[in-house]
Amino acid sequence: METASSSSSEIFPPNGVNQGSKVDSRIGVATFSTSSSTQHRRRRGCEKMVSRPRRRQQAFGREIGHAAAETYLLARLSFKLLSYLGIGYRWITRLLALTLYAMFLMPGFVQVGFLYFFSSQIRRSVVYGDQPRNRLDLYLPANSDGLKPVVAFVTGGAWIIGYKAWGCLLGLQLAERDVIVACIDYRNFPQGTISDMLADVSRGIAYICENVVEFGGDPDKIYLMGQSAGAHIGACVLVQQAVKESRGDSISWSVSQMNAYFGLSGGYIDRYNLPKLVDHFHSRGLYRSIFLSIMEGQKSLEQFSPEMILQNPSSKNAISLLPRIVLFHGTSDYSIPSDASKMFVETLQKEGVRADLILYDGKTHTDLFLQDPLRGGKDKLFDDLVALIHADDEEALARDALAPPKRRFVPEILLRLGRQVSPF
């Protein structure tokens, strides 16, 4: 607008100017206009210089305020959880082991935490719904050319300590390979039960599907992924959504929008190993009474088991709607034995779903998601995941082949010690 005003002043002199001195008057007007415009731009530049730090301070203040609010919430919920747990040697020994584990891996956690709060590639706490913790984090590639594949990621945490920031390292590493990651937060127990968790995650997926292009994502390349308890939640959401869609129910997103589902180290709860699984969790510190409270009682387990939902005759039409399902599991996983993934894949294959299982020999529950990514260098799970996402993009696969090794965050000795004391 300023340029247009200056140009018109130069071409058309103001009314009342002596036409005999047209050239001088034009020069005078043009000079005055340029000077005024320059001063205006300088003032505006100064305002910007002042406002940018102010905006950064306000944004940082909001982040600190949000972090403080969530810390208070977690503390309050922790005390509430303690009232459920009571005094028990199993969970106390697990808590001590978790403390030691965190201490050994602390050099990596500090570095990743710094990146989480200060990386310009992360949009933190994007609100996707009106319930508590209805927020997600977006990890965006530095290269903004073209639309990118998108992974909607559901973190684990035994349905109790899940948090969106747990997916930070995975999000940053996938962003380096031109993949957008959206880490979905959701209510944990005792703030919510499994129904609340499924509702939150489904709402988060709907938000991603609706806004995928806005943040540079490809609507034809959306993948759903979950880890541990998040893998169970993600699978339940996917299967329940397929059932709703097959019945003609009102839906906010479609399973056809998912290219594939990736489940990492998940416990999928089936009718054959349910008593064993409950006993197994009990022996690992997730007491039977708490697990059943999370799952809303023994009688409700069937509706929160993706396997049992699919085996129900009323769900027959939903099976054909499911996308490809790929499960990843370590053979030395003691938190959730790999048999859980094996049985789920066998059930899916019997029902006609395209399903695959990739096993990693000798890997524990935390090796695949924490120790190996913190170790840097070659990471078989990460390479397999990226290869699946970029399977139909030859250029991306070629770039992946030339990608430098991932950086190391933690010395090997600390990783080995952490593995020995890991409570998971």
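Up top is the structure.
Bear in mind that the values here come from a model prediction, so they are computed numbers and not experimental data.

Topic: the pattern of salt bridges
Tallied over the entire structure, the rule returns 20 salt bridges. The partner of Arg203 in a salt bridge is Asp200, with the nearest N and O atoms 3.2 Å apart. With Arg203 and Asp200 both in helix 6 (residues 194-211) and three residues apart, this pair spans about one turn of that helix. A relative accessible area of 27% means that Arg203 is categorised as partly exposed. Classification of Asp200 by relative accessible area gives buried; the value is 0%. Among the charged side chains, a network of salt bridges with common partners joins Lys363, Asp372, Arg375, Arg408, Glu412 and Arg416.

Things to note about the nonpolar core
The nonpolar side chains of a soluble globular protein tend to be buried, and buried together. In terms of nonpolar packing, the biggest core is built from 66 residues, with Trp159, Ile205, Ile233, Leu238 and Trp253 touching the most fellow members. Counting residues per element, this core draws most heavily on helix 7 (residues 229-247), at ten residues. Core analysis: the next-biggest nonpolar cluster, separate from the first, contains 37 residues, Ala165, Cys168, Leu170 and Leu368 among them.

So, unusual backbone geometry
In this model, Phe189 is joined to Pro190 through a cis peptide bond whose omega is 10°. By the secondary structure assignment, Pro190 is in the loop between strand 4 (180-184) and helix 6. Look at Asp178: it is not a glycine, yet its phi comes out positive at around 65°. Within the secondary structure, Asp178 is located in the loop between helix 5 (168-175) and strand 4. For Asp178, a relative accessible area of 13% puts it in the buried group.

What about a nonpolar patch on the surface?
Side chains of Phe114, Phe117 and Phe118 sit close together on the surface and give an oily, nonpolar patch of about 350 Å² of accessible area. The class of Phe114 is exposed, set by a relative accessible area of 52%.

Some remarks on the environment of Ile389
Assignment of secondary structure puts Ile389 in helix 13 (residues 380-389). By relative accessible area, which is 1% here, Ile389 ends up buried. Along the backbone, Ile389 and Ala260 are 129 residues apart, and their C-alpha atoms lie at a distance of 8.9 Å.

Looking at the sheet that holds strand 1 (residues 122-127)
Taken together, eight strands build an open sheet; the order of strands is 1-2-4-3-5-6-7-8 and the sheet is mixed. Two strands close off the open sheet at either side, each with one partner strand: strand 1 and strand 8 (355-360). Mean inter-strand twist for the sheet, computed between neighbouring axes without regard to direction, equals 20°. Pairing between strand 3 (residues 148-154) and strand 5 (residues 217-227): six bridges, direction parallel. Of the residues in strand 5, the one forming a bridge with Val150 is Ile222. Across the sheet, helix 4 (residues 106-118) touches strand 1 and strand 2 (135-139), and the angle it forms with strand 1 is around 65°. Contacts between helix 7 and the sheet are confined to strand 3, strand 5, strand 6 (258-264) and strand 7 (324-330), with strand 6 contributing the most and set at about 150° to the helix.

Scoring rules and cut-offs
Residues numbered from 1 in each chain as written. Predicted model: local features only at pLDDT ≥ 70, side-chain atom pairs only at ≥ 80, totals over all residues. Heavy atoms only, no water. Salt bridge = Lys/Arg side-chain N within 4 Å of Asp/Glu carboxyl O. Helix = DSSP H or I, 4+ residues; strand = E, 2+ residues; numbered from the N terminus. Buried < 20%, exposed > 50% of the residue type's maximum accessible area, 1.4 Å probe, protein only. Core = buried A, V, L, I, M, F, W, Y, C linked by side-chain atoms within 4.5 Å. Patch = residues over 30% accessible without salt bridge, like charges linked within 9 Å, V, L, I, M, F, W, Y side chains within 5 Å. Areas by Shrake-Rupley, 256 points an atom, 1.4 Å probe, with all protein chains shown as cover. Pairing = 2+ DSSP bridges. Axes fitted to C-alpha atoms, helices over the stretch in contact; angles between N-to-C directions. Contact = heavy atoms within 4.5 Å.

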